[in-house]
Amino acid sequence: MKESEMNLSFSKIFQHAGPNFSKCQFWGMFVLSVVIFFIIFSVYGGLLAFFMLCIVVLAILYRAQDHLLYHPEDSFHSRTFVQIPHVVGLPYESIHMRSIDGTLIHLYFIRQREEQAATAPTIVFLHGNAGNMGHRLQNAAALFRQLHCNILMVEYRGYGLSQGRPSEHGLSMDARTAIDYLTSRPDVNHRQIIVFGRSLGGAVAIDLVARAEYAAKVWCVILENTFTSIPEMAQALFQWQFLKSVPLYFYKNKYLSRHKVSQISIPALFISGLLDSLVPPAMMTELHARCTSSPLRQLVHVAAGTHNDTWTCPGYYQSIATFLAAATPYQPEPPVLTTSSPVKNV
């Protein structure tokens, strides 16, 4: 599964906007705005008409931002069909649970054998912006077998079989719900909960562990090929000078990781594929440099790593294992168990 790659041409922009925001829809709204412009111009004059046209165009662009960033329908039937872990030989629980705001989300809990599961580390897997968690099962299988860990794969709202629509605030709530779920289970090692985020998932992970109340429940965080912020990604991708002057409030999704990363107070591993053609590797270097509150931070450069396939490179899993060994002294105290989350297993 490839993450979406944007470039300068409008045709590519529409391709990345996905099936929910097609060329026809865009031009339909544009033509409608032009018609409204001429109606207002004929009645009230040019200045008011121009002002109204600007508002309409800005509203269209604001709405389009979600479709440029989130791609749950990036492949055929990815909103209705999610591969199950049995396909790659993994045992699992399929879980449907309510997120903080009541949205029903879907998760896979992939557990080691019963005698190992309760003491093994558990990775909370936060994937990128395209497709669904079923497209990451090969990666999950390698983590499961090489690191001997449990894996909780989180399907964001609006992705796969999860309900709702994706948003920055919504994805943040879904990640927090996953941690709350794990800490409610007595059969999980609460001292070894690891948060892993790739690409967009890295931004969600940074937001999660930058919150003190959740950092206290997490052992360490692993970030792979993620970005410093959406405004800076827009500048890097499109290279339009005027974007540097666009006020922050014009961005519907901000993901200001470059500011939040300094609040991370747990061990942090940054894995950067140097052949990443989507997220500039320099952004990973900057995030690592800004992570000054972490008691243990490491930056691993993967020479042959691309945006999506860094995990297939030699030495990848050994780098994670080495980091986890170094992070052993920083395991948190286990939380006091609370009442169980509203979970339904299927």
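The rules behind each value
Residues numbered from 1 in each chain as written. Predicted model: local features only at pLDDT ≥ 70, side-chain atom pairs only at ≥ 80, totals over all residues. Heavy atoms only, no water. Helix = DSSP H or I, 4+ residues; strand = E, 2+ residues; numbered from the N terminus. Buried < 20%, exposed > 50% of the residue type's maximum accessible area, 1.4 Å probe, protein only. Contact = heavy atoms within 4.5 Å. Phe/Tyr/Trp six-rings, centres within 6.5 Å; stacked < 30°, edge-to-face > 60°. Axes fitted to C-alpha atoms, helices over the stretch in contact; angles between N-to-C directions. Parallel < 35°, antiparallel > 145°, perpendicular 65-115°, else oblique. Left-handed = near helix turned anticlockwise from the far one by under 90°. Core = buried A, V, L, I, M, F, W, Y, C linked by side-chain atoms within 4.5 Å. Salt bridge = Lys/Arg side-chain N within 4 Å of Asp/Glu carboxyl O.

1. Quick look at the overall build of the chain
Helix and strand counts for the chain come out as 12 helices and 9 strands. Within the chain, buried positions represent 53% of all 346 residues. Taking as baseline every contact in the chain between residues at least 6 positions apart, the subset at least 24 positions apart corresponds to 77%.

2. Thoughts on the packing of aromatic side chains
Counted under the stated rule, the structure contains 5 aromatic pairs. Measuring from centroid to centroid gives 5.6 Å for Tyr156 and Tyr159, while their planes differ by 80°, and the two rings are edge-to-face. On the accessibility criterion, Tyr159 (0% relative accessible area) is buried. Measuring from ring centre to ring centre gives 6.4 Å for Phe227 and Tyr255, while their planes differ by 85°; the resulting arrangement is edge-to-face. In this pair, Phe227 is assigned in the loop between strand S6 (220–224) and helix H9 (230–238) and Tyr255 in the loop between H9 and helix H10 (257–260), connecting sequence segments 28 residues apart. Residue Tyr255 is classed as buried on the basis of its relative accessible area, which comes to 3%.

3. Some words on the environment of Val218
One can find Val218 in the loop between helix H8 (212–215) and S6. With a relative accessible area of 1%, Val218 lands in the buried category.

4. Things to note about the packing of helix H5 (residues 137–147) against helix H12 (residues 316–326)
Running from N to C, H5 and H12 point in directions that differ by 50°, and their axes come no closer than 11 Å. With respect to their mutual orientation, H5 and H12 come out oblique. Like other packed secondary-structure pairs, H5 and H12 cross with a definite hand, here right-handed. The residues of H12 that touch H5, namely those facing Asn139, Ala142, Leu143, Gln146 and Leu147, are Tyr317, Ile320 and Ala321.

5. A short note on the nonpolar core
Formed by 53 residues in total, the largest nonpolar core has its most connected members in Leu126, Val195, Val221, Phe227 and Tyr255. Looking at this core element by element, the count peaks at 7 residues for helix H7 (residues 200–209). Other than its neighbours up to four places away in sequence, Tyr255 contacts Leu69, Tyr70, Ser167, Glu168, Leu171, Leu200, Ala203, Val204, Phe227, Thr228, Ser229 and Ile230. Among the nonpolar cores identified, the runner-up in size contains 36 residues, and Ile110, Leu269, Leu296 and Val300 belong to it.

6. Describing the pattern of salt bridges
Opposite charge on two side chains permits them to pair, given that their charged atoms come into close proximity. Under the counting rule described, the total for this entry stands at 15 salt bridges. For the salt bridge of Arg111 with Asp187, the shortest nitrogen-to-oxygen distance reads 3.4 Å. Placement of Arg111 in the loop between strand S2 (104–110) and helix H4 (114–117) and of Asp187 in the loop between helix H6 (168–184) and strand S5 (193–198) is noted, with a sequence separation of 76 residues between them. On the accessibility criterion, Arg111 (10% relative accessible area) is buried. The partly exposed category is assigned to Asp187, whose relative accessible area is 22%.

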